Amino acid sequence: MFGIGTKNIGIDLGTANTIVYAEGKGIVLREPSVVAKNTKTGEIVSVGSEARDMIGRTPASIVAIRPMKDGVIADYDTTVAMMKYYIQKALGRKTGKPYVMVCVPSGVTEVEKRAVIDATRVAGARDAYVIEEPFAAAIGAGLPVMDPTGSMVVDIGGGTTDVATISLGGIVSSRSIRMAGDKIDDAIIYYVRQHHNLLIGERTAEQLKMNVASASVEAAKELDSQTIRGRDLLSGLPKTIDIEAVDVAQAIQEVVQEIISAIKETLEETSPEIAADVIDHGIVLTGGGAQLRHLPEVIADATKVPVFIASEPLDCVAIGTGESLKSIEVMKKR
């Protein structure tokens, strides 16, 4: 599928999505981090988009698993199977084992880091290296990470939000919290159940998040309502309701405030010089969560620092992971 020259690949192994960057090719693969498995035989039925479509719709013998939880491996064997599939798909017919760079949240332990490296090797990599997510995001967003200038990046993924200030090729201060896209979905599901006695699935919550969710309750008043379907908890029967954007905004406030707290704490730990640079250049948002309506304004209002969304927020980590492949000789000597 891709040329013989593809040797090394970078993987943004996310809780919600996996994005693969091939050296010399750019992004070659973008799939949900979901695997459908037969519980009786242990056989992998499908991976990626096909498996995601099965969530909440599988027979008893098939289960759709998200092997990554909160940015780390929750199901080792299934993660290996998923990575094997994505590595082979990214390389096409090319034989030989690639060097692979995988990103991990900034708060992971050495054990969790080792699990990612081992899983990648078992999945078919010649060797594997890890790069911290906010650093990869900063590279992908085009920030001057190697300069003696402070930059601040907030990467809001599916499982974790990683906040970091970066200068001279390293992370100066950072926070990794397990409050991100998945927690927003959970908050919406909980709110709808509590206030409307309606049980909705992950896919419906995600649609609400994408269509009407806002970080600002005030700004949400301008948005339209959304029709959703689920199961009535009182009658047990299917039911359709309209939900206001303001309700969705209220539902996710706790998650938004946790993200703002992590940003403030990281800024408080930062030296005055870097803090001054951040005020000059602003905070850059990356990841799928950066697309939440009115989030830049809400963060800017809370921190009194300008906030911008990176030009390709979903791809920043994968691009940065891929760009770091150019320094793979340095990684090999570590």
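Residues numbered from 1 in each chain as written. Predicted model: local features only at pLDDT ≥ 70, side-chain atom pairs only at ≥ 80, totals over all residues. Heavy atoms only, no water.

### Concerning helix H4 (residues 133-140)
H4 sits mainly inside the fold: seven of its eight residues count as buried. Of the positions making up H4, those classed as buried are Glu133, Pro134, Phe135, Ala136, Ala137, Ala138 and Gly140. In the segment just after H4, Gly142 is the residue with positive phi, at about 80 degrees. (Buried < 20%, exposed > 50% of the residue type's maximum accessible area, 1.4 Å probe, protein only. Helix = DSSP H or I, 4+ residues; strand = E, 2+ residues; numbered from the N terminus.)

### Looking at the domain arrangement of the chain
On domain assignment, one finds that the chain holds domain 1 (9-35 + 68-135 + 317-332), domain 2 (139-179 + 254-313) and domain 3 (181-251). Taking the mean C-alpha position of each, domain 1 and domain 3 sit 33 Å from one another. (Domains from an automatic or database assignment.)

### Remarks on the sheet that holds strand S17 (residues 283-286)
With mixed pairing, five strands are arranged side by side in an open sheet as S13-S12-S11-S17-S18. Whereas interior strands pair on both sides, the edge strands pair on one side only; in this sheet they are strand S13 (170-177) and strand S18 (307-309). Across the sheet, the mean angle separating the axes of adjacent strands is 20 degrees when strand polarity is ignored. In the packing of helix H10 (residues 272-281) onto the sheet, the strands contacted are strand S11 (151-156), strand S12 (161-167), S13, S17 and S18, and the crossing angle to S12 comes to about 110 degrees. (Pairing = 2+ DSSP bridges. Axes fitted to C-alpha atoms, helices over the stretch in contact; angles between N-to-C directions. Contact = heavy atoms within 4.5 Å.)

### Regarding the side chain of Thr160
Tracing the chain through its elements places Thr160 in the loop between S11 and S12. With relative accessibility at 4%, the residue Thr160 sits in the buried group. Polar contacts involving the side chain of Thr160 include one to the side chain of Asp162, which spans 3.1 Å. When sequence neighbours within four positions are dropped, the list of residues in contact with Thr160 reads Asp70, Gly71, Pro105, Glu133, Asp155, Ser176, Ile177, Arg178, Met179 and Ala180. (Polar contact = N/O pair within 3.5 Å; in protein donor to acceptor, adjacent residues only side chain to side chain.)

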